Amino acid sequence: AVEVPPLPALVEAIGLAAVGPAVAGSGDVKAGAVAGLLARGLAPARAAAWGAYVHGRAGERLTAEGAPGFLAREVVRGLPAAVAEVELGVTEGAP
C-alpha cells in the first residue's frame, strides 16, 4: 500500500511547476494514475491528490532531464519512478 501524508500537507506539496505534461493525452495519463491508485486501495480523495502529484512529478523529472516539452506517453514512462518516490518517502529535492 502507498503511504501518504495528511491531505493538507499533500495539497501544499502539489505546487509543482512542470508545464511539460500540458499536452494532448496528459489528462488521460493522470486519470490512469488515479485509477491505478484507487485499484491499490487508496481513498478517492487521496488517489486524486496523489495521482495529480505523481503526474506532475513525472513531468518535473522529464523537465529536469532537459526535455522542454514532451508527449503524454513519455509522462507515462515517468510514473513508476514518481510512485516509487512516494512509496519510499523520497520526494524532497529528488530529480
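The structure under discussion appears in the preceding block.
What comes next concerns the included structure.

With respect to the pattern of salt bridges
Overall, the coordinates contain three salt bridges when judged by the stated rule. The closest approach of N and O atoms between glutamate 85 and arginine 57, which form a salt bridge, is 2.8 Å. You can see glutamate 85 sitting in helix 4 (residues 72-88) and its partner arginine 57 sitting in helix 3 (residues 44-64), a full 28 residues away along the chain. Per residue, the accessibility class of glutamate 85 equals that of arginine 57, and both read buried. Close ionic contact of arginine 61 with glutamate 85 constitutes a salt bridge, the shortest N to O distance being 2.5 Å. One end of the pair, arginine 61, is in helix 3; the other, glutamate 85, is in helix 4, and 24 residues separate them in sequence. Under the relative-accessibility criterion, arginine 61 is labelled partly exposed at 21%. With relative accessibility at 7%, the residue glutamate 85 sits in the buried group. Each of Arg57, Glu60, Arg61 and Glu85 takes part in a single network of salt bridges with overlapping partners.

Topic: the environment of arginine 73
As for its placement among the helices and strands, arginine 73 is situated in helix 4. For arginine 73 and valine 29, which are 44 residues apart along the polypeptide, the C-alpha to C-alpha distance reads 8.0 Å.

What to know about the packing of helix 3 against helix 4
Look at helix 3 against helix 4: their axes get within 8 Å of each other, and the N-to-C directions meet at 115 degrees. In this view, helix 3 runs roughly perpendicular relative to helix 4, as classed from their interaxial angle. In terms of crossing hand, the pair formed by helix 3 and helix 4 is right-handed. For the pair helix 3 and helix 4, contact is made by Trp50, Tyr53, Val54, His55, Arg57, Ala58, Arg61 and Leu62 and by Glu74, Val75, Gly78, Leu79, Ala81, Ala82, Val83, Glu85 and Val86, respectively. The residue inventory of the contact of helix 3 with helix 4, partitioned by class, reads eleven nonpolar, two polar and four charged.

Conventions used here
Residues numbered from 1 in each chain as written. Predicted model: local features only at pLDDT ≥ 70, side-chain atom pairs only at ≥ 80, totals over all residues. Heavy atoms only, no water. Salt bridge = Lys/Arg side-chain N within 4 Å of Asp/Glu carboxyl O. Helix = DSSP H or I, 4+ residues; strand = E, 2+ residues; numbered from the N terminus. Buried < 20%, exposed > 50% of the residue type's maximum accessible area, 1.4 Å probe, protein only. Axes fitted to C-alpha atoms, helices over the stretch in contact; angles between N-to-C directions. Parallel < 35°, antiparallel > 145°, perpendicular 65-115°, else oblique. Left-handed = near helix turned anticlockwise from the far one by under 90°. Contact = heavy atoms within 4.5 Å. Nonpolar A, V, L, I, M, F, W, Y, C, P; charged D, E, K, R; others polar.

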